[in-house]
Amino acid sequence: MNFPVMSPKSDIRSGCRALLIRRKAKSMMEEMRRMTLLKEILDGQARAVGRAISLVENGGAGARELMRSIRPHRQEALVVGVTGAPGSGKSTLIDRLIDPLRRKGMKVGVLAIDPSSPFTGGAVLGDRIRMMRHSTDPGVFIRSMAARGHMGGLAKAAGDAVAILAASKKEVILVETVGVGQGEVEVIELADVVLVVLTPGAGDDIQVFKAGIMEIADIFVLNKSDQPGAEKLEIQLKGMLEMGAEEAKRPSLVKTSATEGKGLVRLAQEILRFSARRMVGC
Ligand SMILES: Nc1nc2c(ncn2[C@@H]2O[C@H](COP(=O)(O)OP(=O)(O)O)[C@@H](O)[C@H]2O)c(=O)[nH]1
Ligand SMILES: [Mg+2]
């Protein structure tokens, strides 16, 4: 019997061709998968949004390609940074702030970048259960992101996550951060409106000046106003604000008690008022 004789050269050539075809097929498959993911994100499907955020958290070529395809679909969204010391009530405030925003028919995204956040599992059980009440609402997407300590990486991943949420048609995106490290400061810079959460108690006057947050705050939130010392802090803050910028440019002050659900409607109004003011350039 005669077998066809293959030269080593043609062997190599057909081997190379097979490899190229396989590579091409793989990249086409990846492209198709990315397009499906993009379509699901644009449809606002929570699972796809979650998957995309994981992708950008991990970085790499896939994440870059995804972001390139998302960019043209970026929607206008109001990004609200919520910063303040751990335990000041940021997560509780965000949880309660979702209600008035939803009543206005706005879709809300939450990114929690705070190691002590209930979203990241660092909270007492009660807090986590409270947050879960939004899990059945398709108009709300809540996600935590790990502050992995890589310089600049966190801010980039958070920026990408904000873009993903905006593409999924979330109109307000709340970003919680402790606002201490450089990475967190960069995250806050993503925000259109910055809330600085303060609480009554020892050293509150120092809290404000020491952190140097006067410059970044658009709205001071005096949370835990149900606690002793709230009035004293309010007077101090008002005095400090009056010493600062002229009235029109001054950050506003909103008193809340997140656990009692007080002051949240006013806070939502103030956020929207501030963003409208910024849009018309004053
Ligand atoms: N008394 C009181 N406690 C609050 C208020 N807001 C939050 N807390 C409590 O403060 C603790 C820390 O809240 P959390 O939202 O986790 O703070 P975060 O670390 O800034 O996110 C929790 O036990 C909350 O129930 C408030 O307005 N009044
Ligand atoms: Mg928190």
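This text goes with the structure placed above it.
Everything quoted here is computed from the prediction, not taken from an experiment.

**Quick word on helix α1 (residues 8-42)**
The terminal C-alpha atoms of α1, which comprises 35 residues, lie 51 Å apart, in line with the 51 Å expected from a rise of 1.5 Å per residue. Among the 35 residues of α1, two are classified as buried, and the element is accordingly described as predominantly exposed. Following α1 by one or two positions, glycine 44 has its phi on the positive side, about 80°.

**Here's the deal with the pairing of strand β7 (residues 252-255)**
The sheet contact formed by strand β6 (residues 219-222) and β7 spans four bridges and is parallel. Residue pairing across strands places phenylalanine 220 opposite leucine 253, the latter belonging to β7. Traced from β6 through helix α9 (residues 230-243) to β7, the parallel crossover comes out right-handed.

**Quick notes on the pairing of strand β1 (residues 78-84)**
Side chains on a regular strand alternate between the two faces of the sheet. Where burial is concerned, most of β1 is hidden: seven out of the seven residues are buried. Burial along β1 is two-sided: Leu78, Val80, Val82 and Gly84 facing one way and Val79, Gly81 and Thr83 facing the other are all buried. Bridge count between β1 and strand β4 (residues 172-177): six bridges; the pairing is parallel. The partner of valine 80 across the bridge, within β4, is leucine 174. When β1 meets strand β5 (residues 193-198), the two strands line up parallel, connected through five bridges. Looking at the pairing, threonine 83 lines up with valine 196 of β5.

**Notes on the packing of α1 against helix α2 (residues 46-58)**
Running from amino to carboxyl end, α1 crosses α2 at an angle of 125°, the nearest separation of the two axes being 8 Å. In terms of axis orientation, α1 runs oblique to α2. Handedness of the α1/α2 crossing: left-handed. Here Leu37, Glu40 and Ile41 of α1 lie close against α2, whose contacting residues are Ala48, Val49, Arg51 and Ala52. Considered class by class, the residues forming the contact of α1 with α2 number five nonpolar, no polar and two charged.

**Quick word on the nonpolar core**
Membership of the largest hydrophobic core comes to 65 residues, with the highest contact counts inside it found for Val80, Ala158, Ile173 and Val175. Once you skip the residues sitting within four places of it in the chain, valine 80 turns out to touch Val172, Ile173, Leu174, Val175, Ala191, Val193, Leu195 and Ile271.

**Regarding the packing of α1 against helix α3 (residues 61-70)**
The description of two helices packed together rests on the angle between their axes and the distance between the axes. Contact pair α1 / α3: the axes reach a minimum separation of 10 Å and the direction vectors enclose 50°. Classed by the angle they form, the pair α1 and α3 counts as oblique. As α1 packs across α3, the resulting crossing turns out to be right-handed. Contacts between α1 and α3 involve Arg34, Leu37 and Leu38 from the former and Glu65, Leu66, Ser69 and Ile70 from the latter. The residue makeup of the contact of α1 with α3, split by class, is four nonpolar, one polar and two charged.

**Some points on the environment of leucine 222**
You can see leucine 222 is positioned in strand β6. Note: C-alpha distance between leucine 222 and leucine 253 (31 residues apart in sequence) is 7.1 Å. Dropping the residues within four chain positions of it, leucine 222 is found in contact with Leu198, Ala230, Leu233, Glu234, Leu237, Leu253, Lys255 and Thr256.

The rules behind the values
- Residues numbered from 1 in each chain as written.
- Chains lettered and ligands numbered in written order.
- Predicted model: local features only at pLDDT ≥ 70, side-chain atom pairs only at ≥ 80, totals over all residues.
- Helix = DSSP H or I, 4+ residues; strand = E, 2+ residues; numbered from the N terminus.
- Expected span 1.5 Å × (residues − 1).
- Buried ≥ 20, exposed ≤ 12 C-beta atoms within 10 Å, placed from the backbone.
- Pairing = 2+ DSSP bridges.
- Right-handed = clockwise from strand over helix to strand, strands pointing away.
- Axes fitted to C-alpha atoms, helices over the stretch in contact; angles between N-to-C directions.
- Parallel < 35°, antiparallel > 145°, perpendicular 65-115°, else oblique.
- Left-handed = near helix turned anticlockwise from the far one by under 90°.
- Contact = placed C-beta atoms within 7 Å.
- Nonpolar A, V, L, I, M, F, W, Y, C, P; charged D, E, K, R; others polar.
- Core = buried A, V, L, I, M, F, W, Y, C linked by C-beta atoms within 7 Å.

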